[in-house]
Every structure is written in structure tokens, then in C-alpha cells.
Amino acid sequence: QVQLVESGGGLVQAGGSLKLSCTASGRASAMNWYRQTPGNERDFVAGIIGGSSTNYADSVKRRFTISRDDATNTVYLQMDSLKPEDPATYYCNAVTLTDGHYQHYWGQGTHVTVST
């Protein structure tokens with residue numbers, strides 16, 4: 001079992017920045033951020049595998065940056081140039097590989113609000 005604790009959400013003006021953090025209780029092969037708005041599915045935002053292989057949803061490329069600190073099992077999401085379409089509940093996701101099986105774990109979510 002991997003437990004995830006997220007922080008860093010809040011209210012920011014359009015064009016501003018926020019940095020989300022997610023600390024895992026154990027090591028994960030991959031760590032991702034997803035986001036969800038009411039009535040919609042949870043969408044992938046960004047992911048990092050190992051220490052440096054990253055990928056992003058097209059909607060956040062060149063605005064968001066994912067990184068991780070393996071010493072503390074923490075993944076970050078630096079969000080710059082926030083837009084009115086970015087508000088959502090952001091969820092941290094950790095993927096582990098155990099005995100040939102992938103396991104997914106989720107954080108409790110942190111809210112991001114963008115004012116215009």
C-alpha cells in the first residue's frame with residue numbers, strides 16, 4: 001500500500017502560478033497528476049517515470065512542469081500561466097509494479113481555483 005498526501009492547491013489569478021506537491025509513503029515507478037471537474041471524467045495532466053521521463057497533456061504543455069524528488073518520494077506539479085479552464089480537483093497518482101502487477105494509488109485531491 002502506498003499512501004499519498006497532496007498539498008498546494010488554492011486560489012490564484014489567471015496568469016498566475018501554483019505548485020502542487022504529493023508525498024508518497026513508498027517508492028513508485030511512475031507518478032502522475034490527473035484533474036477532474038464536477039460531472040466529468042478524471043483526465044491525465046502530467047506524468048513522470050523514473051527520474052526524468054515526462055509527458056504532458058496537450059492542454060498543459062509548456063505551462064506545467066512535473067518533477068520528482070526520489071529522496072522524499074515527492075512529486076511536484078509547477079503550474080504557470082494558469083488559465084480559466086485549469087480549475088479542477090487535482091489528484092496525485094502513483095503506480096507501483098509488484099510481482100508483475102501494476103497497482104494504482106490515489107491521493108485525496110487538492111482544489112485549484114483560477115479567478116479572472
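Residues numbered from 1 in each chain as written. Predicted model: local features only at pLDDT ≥ 70, side-chain atom pairs only at ≥ 80, totals over all residues. Heavy atoms only, no water.

S.K.: So what exactly am I meant to see when it comes to the nonpolar core here?
M.R.: Within soluble globular proteins, side chains that are nonpolar tend to cluster in buried spots. In this structure, Leu4, Met31, Trp33, Leu77, Met79 and Tyr90 are the most contacted members of the largest nonpolar core, which totals 28 residues. Elements with a minimum of two residues in this core: β3 (18-24), β4 (30-36), β5 (43-49), β7 (64-69), β8 (74-79), β9 (88-98) and β11 (110-115). With residues up to four places along the chain from it excluded, the contact list for Tyr90 reads Glu6, Leu20, Trp33, Tyr34, Arg35, Val45, Phe64, Leu77, Met79, Gly109, Thr110 and Val112. (Core = buried A, V, L, I, M, F, W, Y, C linked by side-chain atoms within 4.5 Å. Buried < 20%, exposed > 50% of the residue type's maximum accessible area, 1.4 Å probe, protein only. Helix = DSSP H or I, 4+ residues; strand = E, 2+ residues; numbered from the N terminus. Contact = heavy atoms within 4.5 Å.)

S.K.: Would you take a moment to explain the environment of Gly8 for this structure?
M.R.: Mapping Gly8 onto the fold places it in the loop between β1 (4-7) and β2 (10-13). A sequence separation of 69 residues divides Gly8 from Leu77, and the C-alpha atoms of the two residues are 9.3 Å apart. Not counting residues up to four positions away in its chain, the partners in contact with Gly8 are Leu18, Lys19, Leu20 and Thr110.

S.K.: Explain the sheet that holds β3 to me, please; I cannot follow it from the model alone.
M.R.: Pairing between the strands of a sheet is mediated by backbone hydrogen bonds and can be parallel or antiparallel. The sheet built from four strands is open, its strands ordered β1-β3-β8-β7 with antiparallel pairing. The sheet is open, and its two borders are formed by β1 and β7, each paired with just one other strand. Within this sheet the neighbouring strands show an average axis-to-axis angle of 15 degrees, counted without direction. (Pairing = 2+ DSSP bridges. Axes fitted to C-alpha atoms, helices over the stretch in contact; angles between N-to-C directions.)

S.K.: Explain unusual backbone geometry here, please?
M.R.: Phi angles above zero are rare outside glycine, and Asn73 is one such case at about 55 degrees. Within the fold, Asn73 resides in the loop between β7 and β8. Taking relative accessible area as the criterion, Asn73 reaches 19% and is therefore assigned buried. The phi dihedral of Asp99 falls on the positive side, at around 50 degrees, and the residue is not glycine. Position of Asp99 relative to the elements: it lies in the loop between β9 and β10 (101-106).

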